8 protein chains.
Amino acid sequence: MNKEKIKKLLEAVKENKMSIDSAARMLKDLPFKDLGFAKIDNHREIRTGYPEIIYCAGKTEEQVVIIVREMLKMGSSILGTRADKKVYEAVKAMCPEAEYHDVANIITIRKKEVELTDSYIVVVTAGTSDIPVAEEAAITAQMLGNRVERVFDVGVAGIHRLFASLDIITGANVVIAVAGMEGALASVVGGLVDKPVIAVPTSVGYGASFGGLSALLSMLNSCASGTAVVNIDNGFGAGYLASMINKGN
Amino acid sequence: MNKEKIKKLLEAVKENKMSIDSAARMLKDLPFKDLGFAKIDNHREIRTGYPEIIYCAGKTEEQVVIIVREMLKMGSSILGTRADKKVYEAVKAMCPEAEYHDVANIITIRKKEVELTDSYIVVVTAGTSDIPVAEEAAITAQMLGNRVERVFDVGVAGIHRLFASLDIITGANVVIAVAGMEGALASVVGGLVDKPVIAVPTSVGYGASFGGLSALLSMLNSCASGTAVVNIDNGFGAGYLASMINKGN
Amino acid sequence: MNKEKIKKLLEAVKENKMSIDSAARMLKDLPFKDLGFAKIDNHREIRTGYPEIIYCAGKTEEQVVIIVREMLKMGSSILGTRADKKVYEAVKAMCPEAEYHDVANIITIRKKEVELTDSYIVVVTAGTSDIPVAEEAAITAQMLGNRVERVFDVGVAGIHRLFASLDIITGANVVIAVAGMEGALASVVGGLVDKPVIAVPTSVGYGASFGGLSALLSMLNSCASGTAVVNIDNGFGAGYLASMINKGN
Amino acid sequence: MNKEKIKKLLEAVKENKMSIDSAARMLKDLPFKDLGFAKIDNHREIRTGYPEIIYCAGKTEEQVVIIVREMLKMGSSILGTRADKKVYEAVKAMCPEAEYHDVANIITIRKKEVELTDSYIVVVTAGTSDIPVAEEAAITAQMLGNRVERVFDVGVAGIHRLFASLDIITGANVVIAVAGMEGALASVVGGLVDKPVIAVPTSVGYGASFGGLSALLSMLNSCASGTAVVNIDNGFGAGYLASMINKGN
Amino acid sequence: MNKEKIKKLLEAVKENKMSIDSAARMLKDLPFKDLGFAKIDNHREIRTGYPEIIYCAGKTEEQVVIIVREMLKMGSSILGTRADKKVYEAVKAMCPEAEYHDVANIITIRKKEVELTDSYIVVVTAGTSDIPVAEEAAITAQMLGNRVERVFDVGVAGIHRLFASLDIITGANVVIAVAGMEGALASVVGGLVDKPVIAVPTSVGYGASFGGLSALLSMLNSCASGTAVVNIDNGFGAGYLASMINKGN
Amino acid sequence: MNKEKIKKLLEAVKENKMSIDSAARMLKDLPFKDLGFAKIDNHREIRTGYPEIIYCAGKTEEQVVIIVREMLKMGSSILGTRADKKVYEAVKAMCPEAEYHDVANIITIRKKEVELTDSYIVVVTAGTSDIPVAEEAAITAQMLGNRVERVFDVGVAGIHRLFASLDIITGANVVIAVAGMEGALASVVGGLVDKPVIAVPTSVGYGASFGGLSALLSMLNSCASGTAVVNIDNGFGAGYLASMINKGN
Amino acid sequence: MNKEKIKKLLEAVKENKMSIDSAARMLKDLPFKDLGFAKIDNHREIRTGYPEIIYCAGKTEEQVVIIVREMLKMGSSILGTRADKKVYEAVKAMCPEAEYHDVANIITIRKKEVELTDSYIVVVTAGTSDIPVAEEAAITAQMLGNRVERVFDVGVAGIHRLFASLDIITGANVVIAVAGMEGALASVVGGLVDKPVIAVPTSVGYGASFGGLSALLSMLNSCASGTAVVNIDNGFGAGYLASMINKGN
Amino acid sequence: MNKEKIKKLLEAVKENKMSIDSAARMLKDLPFKDLGFAKIDNHREIRTGYPEIIYCAGKTEEQVVIIVREMLKMGSSILGTRADKKVYEAVKAMCPEAEYHDVANIITIRKKEVELTDSYIVVVTAGTSDIPVAEEAAITAQMLGNRVERVFDVGVAGIHRLFASLDIITGANVVIAVAGMEGALASVVGGLVDKPVIAVPTSVGYGASFGGLSALLSMLNSCASGTAVVNIDNGFGAGYLASMINKGN
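## Describing the pairing of strand β8 (residues 147–151) of chain A
Residues and elements named next belong to chain A.
- One ladder, built from 5 bridges, connects strand β7 (residues 120–125) with β8; its direction is parallel. Looking at β8, one finds that Tyr120 is bridged to Arg147.
- For the segment spanning β7, helix α5 (residues 131–143) and β8, crossover handedness is right-handed.

Following this line, the structure appears as C-alpha cells:
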C-alpha cells in the first residue's frame, strides 16, 4: 500500500538489517489491530486532530467501547457516527470527555485542537426534517478541521428563501445539499454555483418517496454539472468527501 | 348516466308514448356506435369546434381511418394523438383538410373555428428534448379552445432563464411543467406561482432516469402545493386537464 | 419574485428615497422570518381567513409550537397537517382555540370566518379505510373556503353504490377520488364526469398493493381524460389543488 | 402419476404377466417422446378434438415443424401459440390444413370437429389494442370446445359502453377481462357479475404502465371477489383456465 | 344492474302502479344501506346460509360492530376476515353466537346450516408458516358451503410428501395452492392435476422474497396451464373464487 | 424416489412376498411422519452425527418442541435455525442437552460426536454487523462435520486487512463471503482464490442498500469466475452447500 | 445571480446613468440567447479555452448546428457530448476544425490552447467495455484543462492488475472509477487512496445488472469514505466535477 | 498474491542476486500483459488443456483477435464466450482451427487434448428455449475437462419427464439447473438430489418474468438446501463453478 515503506523494508532486507521472516510479519501485522469481531486500522498518520472513525450502528455497546478504548491508546481523536444515547453513555463512562451531538447522533472525543480552514463548506437543507442528516455532515466536516456554515429550510417550494442565502452559498468552497422528497434542491443549487455540490438524499417524506429513492434518483439525474451523490441519509460520507475537497484532499 | 334523459324516458314510458322495449333499446343504443373493434362515443354535445379524440397508437391505419370517417359524419372536429406520418397520410387521403403537427405527432381536422380564451395556459419545458411532449399538450389545449403560451428550455440548471420568463408564467391561469431527468422544474415553478401546476414527467434522459421514473417520483413528491402529475409523456392528458381548469371546466 | 415591488424599489432607489444598501437588505429580509431550524413565509397577503400551513410530521412539538406562535403574530389562521394528538395538546396549551380533527390528524386555528364558495368540491372514497386521507383533503379544502361534499365507500366492486351518488358527484366543480388497492375509482369517476378529477392513491391494502404503488400506477395510467394524481396519502395536496381550481385559482 | 395404471402394472408384475424390467421401462417410456431438444407429452387421452399445445416463441421453425409432425402422428388436433407468419408457413408446407389466426398469432390444425358447449365464456377488452391478447384467449377456448362471445373496447373511461353489453357479460359462465394501462376493467366487471373473472393484464400502454406492471398490480388488488389473474399478455392461459371452469374441468 | 328488477320497475311505472319519483328513489335506495363511513350491500338474495362478508382490517371495532348489527338485521350469516381477537370480542359482546377461527383470523356467525357440496376443494400449503393464509381460504370456502380438504407442508423441497397426498389432490374439483418463498408448489401441482389451480403467494420468507413478490412472480410465470393467481396472502379471495368454480358459480 | 427400494418392492410383489396394497401403502408411508401442521422427513440415513434441520421462524414454540421430540425419537442430532431465545428455552425444558448459539440464533442437540474434516471452509465477513449471518453459516457447517475458520471485518474499504488473512483464505477448500452494503468482498475474494466462493448478501446497511438488494445484485454480477449466491441473510444455506462441496457432496 | 453586476446596475440607475426600463431589460436579456427551441447561456466569462457544452442527444442535427454556430460567435471553444457521427459531420460542414473523438462520441472545437494542470486526474475502468464512458470523462476533463491519466481493465476480479498501477492511481488528485456489473472497483479504489473518488456506474453487463442499477447501488453503498456517484454512464458529469476539484474549483 | 514467489524474490534480493529495482519491476510486470484496452492475465500455470477465457460481448472484432493472438503465443487453449458469428469468422481467419458452437455462441481453440473426469456434471433445462444458456454451461464445463450429461425440456409443468431422467440426474456430482419463467426446476431438483445444485435463471419468458427477475427471485428463495444461484443467463459462470466442484476445485 505504502510504497516508501515497502521499499525501505526491501532495502533493510537487502542490507541484512532485517530477516525475511520479520519483514513478512511486519507486512502483515503493521496496519491494524485485530479485536476478533473488528479490525482497527492504525496506519493513519497521527495528524493534528484528525479523528479515527467508528460506524456504531450494528455494533453492541461493548464492541464500541472496546474499539474506542483501543483507539484512544493510539492518541487519536474519535468520531462515532450513528450512535444512540445508550452507546454514548457507555463510552462516556469509560472516557468522560466524550461529547454527544444529539441531533446528529454523533459521539466525539477531541484529543487535539484542530485549526479550522479559512475556506468553508456550506450545508444546505430543503426542510426542517433534513437537519439530522445535515448535522451529521456538518459535525463530521468540523471534526475534520473545516469551517462549516449552515443554511437550513430553503427548499425550492419557497425559492426566495434560498436566494436570500445566496451569498453564503456561493461563497463556499464546497456545497452539501441535503434534501428528501423530490430532491430538487441539489439541481437548483448546482445550477447557481460553480463549486462542487455533494447531494445527500434523505429518507424524509412518505408515499412515493419510497424511503429516499425519489430524492436519490432525482439527484442522480440532475442536469446541473458538478454534482455527485452519496447514499441516502449518508451525512457522514458527504462531510468526509467535502473535507477532502475543501482541504485540497 | 344522463339523469335528465333517463327521467324523460321514464315519463314517456309512463305516459305510454314509448314502449318498454324501445326504452330499453334506446338506453343501450344511444351513446355510441359499435365498429366491432372499437366503440365510438357520440354523446358529446356538438359544442362549437370541440373535437373528438382518437388515441392512434396501437391501432392500424385502417382502423384509424374508419373511426375518423365515422366521427366526421357527426360533424365533429378531430384530434388524433400519437399518430405517425403513415397514419396521417392514410387519413389525409380520405379527408384532405387533415393537418399534421409533426413535432407533436398529432392529426387535427377542424370543422368549426374555435374562439380562444383570453386567459391562457403556459407550457414550460426543462429542455429541448421535452418539446415533443410539450407540443402534444399545447396543440391539445389549443384545439380545445385555449390560448397557449410556450416557454421552452428553462430547466433549473440555468434558473435565470426560468426567471426571465417569470412574467409570462405567473400571468397564466394554469401551468403545464414538462420535464425529464430530475423533474425539478415542476417543484420550482410550483413554488413560484399561485396557480394549478400540471406536471408531466418525460422519458427523456438515460441511466437512472429509468424511462421517466425519476422525474415521475420527483414530481409526485413535490413540496410545492398546487401540483398534480399525469403519466410519463402524457402531454395530451395535461393539455386536456389544463383546458378543463382554464375554461372553468 | 414580485415584479411590482422590485420596480418600486428600483424607483425609490433612483429617486434617492432609499439607499442601495437598504434596497439590497429589503430584497433579502422581506419574505420570511428565520427561526434557525425553519423559515416562515410571511409574504402571503392576509386574505380573509386564508390559513398558513404547517406540515407537522418530522418536527418536534417544540418546533411546531414556536412556528405556530410566530404565525399567530401575523394574525393568520393556521392549518397544521400530519399532527398527532401530542402535538395538538402542546399547541392547545399555548393557543386554547386550536381545534383537532382526529380522523384527519389536522390542527386548525381560525382567526377569521371564511365564507364558503357556492360551487363545491366532492371527496369520494373507495372504502372505509381511505377516510383519513379523504378527511385530510376535505378539512384542507374547507379551511381554504370551499364547500365540500363527502361520498365515502363507493368503490367499484359495488358500482351501484357509486351510481346512487352520481348526482352529487357530477354536480361538483372538482372531484377528489381517494382509493387504495387497485385505485380503479379514479378511472371510473373520471369517465363519468366532465370535471377535473384529482386522484389520491392511498397506502391502504396489503400484499401487491406495495404501500400504495398499485393504486398510484393505476391512477397514472387512467384512460379517463381530465385526471391528475398526487402523492400516495397526500390528502392535503389534493385539497389545496382542488381549492385553487374551484376558486378560479 | 396415474394411480390406476400403476396399480395395473403392479398387478401384472405380481401375476407374472410382465417382467420387472419391462414394468420399469414402461414407467419411464410411456408418457412422452423425447426429441432431444423437446419432450412431447402423449399421455393425454385422445378426447374428441382436444388439441395438443405448442408454445412456439423461442423455438426455431424446424423445431416447431418436427414437434407438429410428431403430434400429428398421434392423431391430435394442434394449437400453436405465439407463432409468427413464418412459422405458420413452415407448418403449412408440411400440413396444408393448418390455419392461421393472425390477430391472435395462433396456428390451429383440427383433426376432429368439436361440439361447442351451450354455456359460454365472454372475453371483454378495455380497448382496441388489447384485442390480440383477447383473441389468443378466445381462439384457445374455442379450440378447447367452448362457445365464446366477444365484447371489445368497453373500458371504464366510457362505462356506458360496458353497461350496454351487460346482458351478454352477466349471461356468461366465465368472464375473461383483458386490459392494459390501469386495468380497472377487471374490478368493475368483477363487481357486476357473480361468475369467476379471469383477469389478463396486457402490456398495452406507455410510461408508468411499465410493460403491463400497472395493470397487473391493479388486477391483483381488485376489491371484487371472484377474480384471479394470469401473466401479462397470457391470453392462452386465461382461455385454458376458462375452459376448465366452463366445462366443469 | 339487475335487469329483471329494472324491467319490473319500468312496467310498474307504465301501469301507473308506481310514481316516477318513487321509482327513481327505489333505484337509488334499494341496493344498500348507508352508514356514513360504510355502505352495506343488501341486495344479495338470502340463499341458504350464504354469508355477508366484512373485511375488518382498517376498520375500528365500533365500525365492525355497527356493520355486523346491520347485517344481522337482514338475517344473514356473517364472515369477518382479517379480524383480530379484540374485534372478535367486541362482536361477541353484541352477538354471543359469534365464533372465532384464530389461525385464520376470521369471525363467523352462522344463521342457517349449510349443506356442503359432495365435490371438494383441496387447500395445499408448501410449509407450516403458510397455514394461516390457507386456513383463511379453507374457512371461507366452508362458510360458502363447500367441502374442503387440507394438505399442509408438502413443499417441493420434499416432493415425495406431495406425492403421498396425490390422490386427495387429484380428486379435488379445485386446488388452492398456498406458498411463499419460491412459490414452486403451484407450478408442480398445476402440472399434476387437470383441475383449476388458484395460486396464493404468501409473504412468508425473508431476504429476496421481498414480502411475497418472489412467490407472486413465480406463480404468475407458471408454465402449468390452468393456473391463476390472487393477491399475496389473499386466502379469502382464493376461497371465494374456488367456491364459485366448485359450485358451478 | 429411491430406485433401489422401488425395484425391491416390485420384486417382493412379484415373488408374492408382499401384497399389492402393502406395497402401495409403503410407497406412501415410508418417507415421513405427518404431524398435521408439519411433515417430518425420516428418510435420511442415520449417518454419524448428521443432524436433522428445523427452520424455526414462523413456527410456534409448541410446534418446534413437537417436531424436535419426534426427531429425537429417531436418534438424530438436531440443528434449529432462526430460533429466538424463547424457542430455545422451550426446547431446553424438554431436552436439557440442547445448546444455544446466540449470535447465530441456532439451537443444536448433538447425539453423536462428529469428526471434523481436515480440509476447511473459511467464512469471511466484510464488517462486524455481518457476523450473525456468518455465524449461522459457520455453526451449520461445523454441525455438518466441517472444520471452519473465521476471518471477520475484512471489507474492501481496508483491503490490506483482507490481504493479511490471505493465507488462511487461499488455503480453504470453499470460501463463504458474507457482506452487506456494496457486497464487493465476494468479487475481490473470488478474484484471489481458485476455489468455489459462496456469496451471502446481508441486509446490513441503510438507504440504497434496500434491505440487501444492493449486495445481492452486486454479488450476482461478480466478474470473478467461480462464485454463486444464496438468498439475503441465508447463512444456513451457504453453510450447507459449502459442506456438500467440502465433503465431496 | 451575480451580486456585483446587480449592485452596479442599481448604482447606474441611482446615478441616472441608466433608465429603470433598460435596467429591467438588461437583467432579463443579459444571460442567454433564445433560439426558440433552446436558450444558450453566454454569461460564462471567456476564460482561456474554457468550452461551452452541448448535450447532443435528443437534438436534431440542425438544432446542434445552430447552437454551435451561435456559440462560435462568442468565440467559445465547444464540447459536444453524446454526438453520433452524423451530427459531427453536420457540424464539420459548418466548422471544418471540429474534431471527433469516436470512442467517447464527443465533438470538440478548440478556439484557444489550454495549458494543462500539473496535478492530474486518473480515469480507471474495470473492463474493456467501460472504455467509452471513461473516454467521455477523460476528454471532458482534458478540454477543461486537466492533465488526465488512463488506467483501463483493472477490475477487481484480477486485483493484481489494479495494484500494478497503484502508483499512478495514488498519485492523482482525483480518481474517476468507471465500472459496470458489480461496480466493486469504486470501493476498492476508494479504500486505497486518500483522494476524492468519483464513481461512474456503467450500463455494461447483462441479466441482473439491470442496465447499470447493480453497479449504481453498489457504488452508493460503498464503505469507502470519500466516494460519490454520478448517473449511470455519465462520463461527462464525472469529468466536469473532477475538473472542478482538481483545479480548486 | 503468490506467497512463494514473493518470498523467493525477497530472498533473491537479500542474497544480492537481484536488485531492488528489478524486484519491484518484476512484481509489477509479471502477472499480465497490457494491450492498452485490455490486460491479459498470463499467470495461470499451463495445465493440460486448461483454457484462457475471453468474454467477447462489448469488445470489437479487432480487440478479440488481438487478445486471442496474444493468448495463443502462450500456448493456451481458448474459450471465447458471447461471441457472435462475425467475431468467430475474424478469429478463424487468424487461427483456422478455431471452432464455433453456435447454440452456445462460444468459440473454442483446443491446444491440448483434455482427459475428461469420470464423475460428471448434469445440465438440466426446464424448456427448449433455455438450451442456449445450458449449452454455454455445458461447453464451458467440457472445455475445462469435465464429462457432461444433458437433460433438456423437463420443466415442472410435466414433472414425469423430469422423473424419467432421475437416474442420470441423481448420478451426477453437480447439477446445473437452467430455467426461465417461474424457475421452479431448481427447487424441485434441489429437493431430489443430495448434490450441489447451481441454478441459472434465464431471461426466457414474457410479461411478469421481467427479463429473468422472476426466475432469479424464485431460485434465490428455494427451500431446497444445497442450491446457489448465478446471474441471469450466466451459463459460463455455472459451468465454471460446477467444474471447480466436480474436479475437487
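## So, unusual backbone geometry
Residues and elements named next belong to chain G.
- Despite not being glycine, Arg82 shows a phi value in the positive range, around 50 degrees.
- As for its placement among the helices and strands, Arg82 is situated in the loop between β4 (77–81) and α4 (85–94).
- At Asn105, a residue that is not glycine, the phi angle is positive and equals roughly 55 degrees.
- Mapped onto the fold, Asn105 is located in the loop between β5 (99–101) and β6 (106–109).

## Some thoughts on the domain arrangement of chain A
All names here are of chain A.
- Each assigned domain of chain A is listed with its residue range as follows: domain 1 (29–109) and domain 2 (120–247).
- Of note, the centres of domain 1 and domain 2, computed from C-alpha atoms alone, are 26 Å apart.
- With 15 residues of domain 1 in contact, the opposing surface of domain 2 contributes 13 residues.
- Regarding the contact of domain 1 and domain 2, the summed buried area is about 1100 Å², with carbon and sulfur atoms giving 70% of it.
- When the area that domain 1 buries against domain 2 is broken down by residue, the three leading residues are Tyr50, Arg82 and Val103, summing to 37%.
- Seen at the junction of domain 1 and domain 2, the total is 1 salt bridge.
- One can count 2 residue pairs in polar contact (both at pLDDT 80 or more) joining domain 1 with domain 2.
- For the side of domain 1 that touches domain 2, the secondary-structure elements that each account for two or more residues are β3 (51–55), β4 (77–81) and β6 (106–109).
- When grouped by side-chain class, the residues that make up the side of domain 1 that touches domain 2 number 9 nonpolar, 4 polar and 2 charged.

## A closer look at the relation of the copies chain A and chain B
- Least-squares fitting of chain A to chain B yields an RMSD of 0.1 Å, with the transformation described by 0.0 Å of translation along the axis and a rotation of 180 degrees. What the superposition gives is, in effect, a two-fold axis relating one chain to the other. Of the C-alpha atoms belonging to chain A, the one lying closest to the rotation axis is found on Ala184 of chain A, 2.4 Å away.
- By residue overlap, the copies meet face to face through one surface: 100% of the interface positions of chain A are interface positions in chain B.

## So, the interface of chain A and chain B
- Between chain A and chain B, the residue contacts involve 24 residues of the former and 24 residues of the latter.
- Of the roughly 1900 Å² buried where chain A meets chain B, counting both sides, 69% is carbon and sulfur surface.
- It is Glu182, Leu217 and Asn221 of chain A in chain A that bury the most area against chain B; as a group they hold 29% of the surface buried on that side.
- One can count 14 residue pairs in polar contact (both at pLDDT 80 or more) joining chain A with chain B.
- Mapped by element, the contributors of at least two residues to the side of chain A that touches chain B are α6 (159–164), α8 (184–192) and α9 (213–220) of chain A.
- When its residues are assigned to classes, the side of chain A that touches chain B shows 16 nonpolar, 7 polar and 1 charged.

## Some thoughts on the sheet that holds β6 of chain G
All names here are of chain G.
- With mixed pairing, the 4 strands of this open sheet are ordered in space as β3-β4-β6-β5. Whereas interior strands pair on both sides, the edge strands pair on one side only; in this sheet they are β3 (51–55) and β5. Each strand axis lies, on average, 20 degrees off the axis of its neighbour in the sheet, ignoring direction.
- Bridge count for β5 against β6 is 3 bridges, and the pairing is antiparallel. If you follow Glu99 over to β6, its bridge partner there is Thr108.

## Some details on a negative patch on the surface
- Negative charge collects at one region of the surface, where Glu61, Glu62, Asp84 and Glu89 of chain A lie side by side.
- Note on placement: Glu62 of chain A falls in helix α3 (residues 61–73).

## Examining the packing of α3 of chain A against helix α4 (residues 85–94) of chain A
Residue and element names in this part refer to chain A.
- Their axes nearest at 9 Å, the elements α3 and α4 cross at an angle of 40 degrees. By the angle between their directions, the pair α3 and α4 is classed as oblique. For the crossing formed where α3 meets α4, the hand is right-handed. Between α3 and α4, the contacting residues are Glu61, Val64, Val65, Val68, Arg69 and Leu72 on the first element and Lys86, Val87, Ala90, Val91 and Met94 on the second.
- For the contact of α3 with α4, the class distribution of residues is 8 nonpolar, no polar and 3 charged.

## A few points about the environment of Asn105 of chain A
All names here are of chain A.
- Asn105 gets classed as partly exposed once you look at its relative accessible area, which sits at 32%.
- Measuring from C-alpha to C-alpha, the distance between Asn105 and Pro132 comes to 8.0 Å, with 27 residues separating the pair along the chain.
- Leave out the neighbours within four places in its chain, and Asn105 touches Gly80, Thr81, Arg82, Ala83 and Tyr100.

## Focus: the sheet that holds strand β3 (residues 51–55) of chain B
Residue and element names in this part refer to chain B.
- Strand order in the open sheet formed by 4 strands is β3-β4-β6-β5, and the pairing between neighbours is mixed. Only two strands of the sheet have a single partner each, and these edge strands are β3 and β5 (99–101). On average, each strand axis in the sheet is tilted by 20 degrees relative to the strand beside it, whichever way the strands run.
- Pairing of β3 with strand β4 (residues 77–81), which is carried by 5 bridges, proceeds in the parallel orientation. Among the inter-strand pairings, Ile54 is bridged to a residue of β4, identified as Gly80.
- Together, β5 and β6 (106–109) form the strand contacts of helix α4 (residues 85–94), whose direction differs from that of β6 by roughly 20 degrees.

## Re the packing of aromatic side chains
- The tally for this structure, following the rule as stated, stands at 26 aromatic pairs over all chains.
- Their ring planes at 20 degrees and their centres at 4.9 Å tell us that Tyr88 of chain F and Tyr100 of chain F sit as a pair that is stacked. Pair noted here: Tyr88 of chain F is in helix α4 (residues 85–94) and Tyr100 of chain F is in strand β5 (residues 99–101), with a separation of 12 residues, a long-range link.
- The class of Tyr100 of chain F is buried, set by a relative accessible area of 17%.
- Between the NZ or CZ atom of Arg82 of chain F and the centre of the ring of Tyr206 of chain E, over which it lies, the distance is 4.0 Å.

## A closer look at the packing of helix α5 (residues 131–143) of chain F against helix α10 (residues 235–246) of chain F
Residue and element names in this part refer to chain F.
- At a closest axis distance of 7 Å, the pairing of α5 and α10 adopts a crossing angle of 35 degrees. For the crossing formed where α5 meets α10, the hand is right-handed. Mapping the contact onto sequence places Val133, Glu136, Ala137, Thr140 and Ala141 in α5 and Gly235, Phe236, Gly239 and Tyr240 in α10.
- In the contact of α5 with α10, the residues fall into 5 nonpolar, 3 polar and 1 charged.

## Quick look at the environment of Ala57 of chain A
- Tracing the backbone shows Ala57 of chain A in the loop between β3 and α3.
- The class of Ala57 of chain A is partly exposed, set by a relative accessible area of 25%.
- Taking the C-alpha atoms as reference points, Ala57 of chain A and Arg82 of chain A, separated by 25 residues in sequence, lie 5.5 Å from one another.
- Each residue touching Ala57 of chain A, except ones within four places of it in the same chain, is listed here: Thr81 and Arg82 of chain A together with Ser129 of chain F.

Calculation rules
- Residues numbered from 1 in each chain as written.
- Chains lettered and ligands numbered in written order.
- Predicted model: local features only at pLDDT ≥ 70, side-chain atom pairs only at ≥ 80, totals over all residues.
- Heavy atoms only, no water.
- Pairing = 2+ DSSP bridges.
- Helix = DSSP H or I, 4+ residues; strand = E, 2+ residues; numbered from the N terminus.
- Right-handed = clockwise from strand over helix to strand, strands pointing away.
- Domains from an automatic or database assignment.
- Contact = heavy atoms within 4.5 Å.
- Buried area = accessible area lost by both parts, 1.4 Å probe.
- Salt bridge = Lys/Arg side-chain N within 4 Å of Asp/Glu carboxyl O.
- Polar contact = N/O pair within 3.5 Å; in protein donor to acceptor, adjacent residues only side chain to side chain.
- Nonpolar A, V, L, I, M, F, W, Y, C, P; charged D, E, K, R; others polar.
- Least-squares fit on C-alpha atoms with pLDDT ≥ 70 in both.
- Axes fitted to C-alpha atoms, helices over the stretch in contact; angles between N-to-C directions.
- Patch = residues over 30% accessible without salt bridge, like charges linked within 9 Å, V, L, I, M, F, W, Y side chains within 5 Å.
- Areas by Shrake-Rupley, 256 points an atom, 1.4 Å probe, with all protein chains shown as cover.
- Lys, Arg positive; Asp, Glu negative; His and termini not counted.
- Charge placed at Lys NZ, Arg CZ, Asp CG, Glu CD.
- Parallel < 35°, antiparallel > 145°, perpendicular 65-115°, else oblique.
- Left-handed = near helix turned anticlockwise from the far one by under 90°.
- Buried < 20%, exposed > 50% of the residue type's maximum accessible area, 1.4 Å probe, protein only.
- Phe/Tyr/Trp six-rings, centres within 6.5 Å; stacked < 30°, edge-to-face > 60°.
- Lys NZ or Arg CZ within 6 Å of the ring centre and 35° of its normal.

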